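Fold and contact review
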Amino acid sequence: MKARATNPSTPRRVVVHRPGGLDRLVLEPFEPPQPGPGEVRVSVRAIGVNFADCLVRMGVYAPAKRYVDWPITPGFEVAGVVDAVGDQLEESDWPGRRVVALSRFNAYASHVVTSAQRALTMPDGWTMAEGAAFAVNALTAHHALHLADAPAGSAVLIHSAAGGVGHWLVQLARVRGLAATGVVGAPDKVAVVTAAGAEHCLVRGSFEERRLQPIFLAVFDAHGPESWRRSYGLLAPTGRLVVYGAHALTRNGRIPWLRAGLDLLRRPRFDPLRLCADNRGVLGFNLAYLFEQDAAFANDLAELRTLVVDGKARFPPITTLPLDEVREAHRLLQSGTTVGKLVLEIPA
Ligand SMILES: NC(=O)c1ccc[n+]([C@@H]2O[C@H](COP(=O)([O-])OP(=O)(O)OC[C@H]3O[C@@H](n4cnc5c(N)ncnc54)[C@H](OP(=O)(O)O)[C@@H]3O)[C@@H](O)[C@H]2O)c1
């Protein structure tokens, strides 16, 4: 079912008035916001869909509660064309510029206002869908690898390696000279992970995956409590576990509260003395709480853009849907079966 038909030329956004299932994603007309000082407005052509958007819709994404509450328009990233400029910016520099832009929420819309520092000029060769498939996932992978700081030549393990973040982890690990092993949930995802540059790709729960040895100097794990425990055990001395999500606590877009509660009760607790004895580290992050670091993000994104322009990293497989099929996009992403990135498109 569609989120609700509106005239495609009418400014519109997706609003979640109350948390819940797919039917809570409602497409509504709206008055495009005006940019304030130092801000630009982007006329949006494509929107990147992230797993966190499903968590926002379900009502379990803590930054959504902290920064907005409900009603909320989900979404963190768009590609489009600047169509209005706020004070303190050079008027002639911006209008008509093709940009990739980050926004803490509000990105599921035809118009997005954000700080000019969060708007990166898009290379001419990129499509709007590619622009929308870039910033959040590449930045997340880059930050995770920065925290792990594994030396070139070492072995790293990447969970959900065929997904949006997983793709960039594999690509950027290869750029750093790391030997990546990917883990995926289904055999049909293996080929895309090895094509992206992983040395091996194993199916979660398979004989080979269960026999993995503690040889990894970094494990990247957004899966959930049981997986975090196992991942810690797969670290070699001086290795680091990087935790950045818990998608396995959900089930087809819902939280099975009893099971999720039990899983959380059983989550590993890392004792500092034990970390010393094991010579291992555990790190976590959520970029949604780091949004004020505009300058750092801008530098990192510019470096990542260069890697793509120079052909050292490439985009994941991208699946596009029109914005009014936002419910279908969430259904697909929360099914756990997707490969690469989902992008919502708004025709010009
Ligand atoms: N901390 C941060 O700053 C940050 C930023 C961006 C994303 N994230 C996190 O990174 C993870 C990946 O995000 P993404 O947007 O790139 O999504 P994605 O990896 O493209 O899609 C989610 C993948 O997770 C796996 N999965 C396992 N159990 C699942 C379940 N119960 N429901 C749905 N998927 C399940 C599936 O792959 P397999 O079955 O193949 O494993 C699925 O394809 C998410 O946990 C997200 O919250 C964190």
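Residues numbered from 1 in each chain as written. Predicted model: local features only at pLDDT ≥ 70, side-chain atom pairs only at ≥ 80, totals over all residues. Heavy atoms only, no water.

On to the layout of surface pockets, then. Summary: where empty space remains is shown by rolling a probe the size of a single water molecule over the atoms. Volume-wise, the second largest pocket comes out at about 150 Å³. For the second largest pocket, the full set of lining residues is Arg 229, Tyr 232, Gly 233, Pro 268, Arg 269, Phe 270, Asp 271, Arg 274, Leu 275 and Arg 280. The set of elements that each furnish at least two residues to the lining of the second largest pocket consists of helix H8 (225-233) and helix H10 (272-278). When the residues that make up the lining of the second largest pocket are grouped by side-chain class, the tally is four nonpolar, one polar and five charged. (1 Å grid on protein atoms, 1.4 Å probe; cavity = no way out; pocket = protein on both sides within 12 Å on 5 of 7 lines; lining within 4 Å. Points joined across faces, edges and corners; volume = space filled by probe spheres on them. Helix = DSSP H or I, 4+ residues; strand = E, 2+ residues; numbered from the N terminus. Nonpolar A, V, L, I, M, F, W, Y, C, P; charged D, E, K, R; others polar.)

Moving on to a nonpolar patch on the surface. On the surface, Leu 258, Leu 262 and Leu 265 cluster together into a nonpolar patch covering about 340 Å² of accessible area. On the secondary structure map, Leu 258 appears in helix H9 (residues 257-265). (Patch = residues over 30% accessible without salt bridge, like charges linked within 9 Å, V, L, I, M, F, W, Y side chains within 5 Å. Areas by Shrake-Rupley, 256 points an atom, 1.4 Å probe, with all protein chains shown as cover. Salt bridge = Lys/Arg side-chain N within 4 Å of Asp/Glu carboxyl O.)

Glancing now at the site of the ligand. Among the 27 residues in the neighbourhood of the ligand, the closest are listed as Ser 160, Gly 185, Arg 204, Thr 250 and Leu 287. Contact distances for the ligand include 2.8 Å between an oxygen atom and a backbone N or O atom of Gly 164. In this structure, an oxygen atom belonging to the ligand sits 2.9 Å away from a main-chain N or O atom of Val 165. Across the complex, the protein chains shield 93% of the 910 Å² of accessible surface that the ligand would expose by itself. The residue makeup of the shell around the ligand, split by class, is nine nonpolar, 15 polar and three charged. Both of domain 1 (12-134 + 315-345) and domain 2 (137-287) provide at least three residues apiece to the shell around the ligand. (Near = heavy atom within 4 Å. Polar contact = N/O pair within 3.5 Å; in protein donor to acceptor, adjacent residues only side chain to side chain. Domains from an automatic or database assignment.)

A complete count under the given rule lists ten salt bridges for this structure. Lys 341 is paired through a salt bridge with Glu 77; the nearest N and O atoms lie 2.8 Å apart. On the criterion of sequence distance, the pair formed by Lys 341 in strand E15 (residues 341-345) and Glu 77 in strand E4 (residues 77-85) is long-range, its members being 264 residues apart. The residues Lys 341 and Glu 77 share a single accessibility class, namely buried. The network of salt bridges with common partners includes Arg 259, Asp 263 and Arg 266. (Buried < 20%, exposed > 50% of the residue type's maximum accessible area, 1.4 Å probe, protein only.)

Judged by nonpolar contacts, the single largest core of 105 residues is most densely connected at Tyr 61, Phe 134, Val 156, Ile 158, Leu 169, Phe 220 and Leu 344. Counting residues per element, this core draws most heavily on helix H4 (residues 135-148), which supplies nine residues. Counting contributing residues, this core receives three or more from each of domain 1 (12-134 + 315-345) and domain 2 (137-287). Setting aside its immediate chain neighbours within four residues, Phe 220 contacts Ala 144, Leu 145, Ala 148, Val 156, Leu 157, Ile 158, His 159, Leu 169, Val 242 and Tyr 244. (Core = buried A, V, L, I, M, F, W, Y, C linked by side-chain atoms within 4.5 Å. Contact = heavy atoms within 4.5 Å.)

Further remarks concern unusual backbone geometry. Keep in mind that most residues, glycine aside, have a negative phi and that most peptide bonds are trans. Cis rather than trans, the peptide bond between Trp 70 and Pro 71 has omega equal to 0 degrees. Tracing the backbone through its elements, the reader meets Pro 71 in the loop between helix H2 (62-67) and E4.

According to the domain assignment, the chain consists of domain 1 (12-134 + 315-345) and domain 2 (137-287). Centre-to-centre, using C-alpha coordinates, domain 1 lies 27 Å away from domain 2. At the boundary of domain 1 with domain 2, total buried surface from both sides reaches about 1,500 Å², with 58% on carbon and sulfur atoms. Our count for the domain 1 to domain 2 interface comes out at eight residue pairs in polar contact (both at pLDDT 80 or more). Per element, the largest residue contribution to the side of domain 1 that touches domain 2 is four residues, and it comes from helix H1 (residues 51-58). Across the side of domain 1 that touches domain 2, the residue classes break down as 13 nonpolar, seven polar and two charged. (Buried area = accessible area lost by both parts, 1.4 Å probe.)

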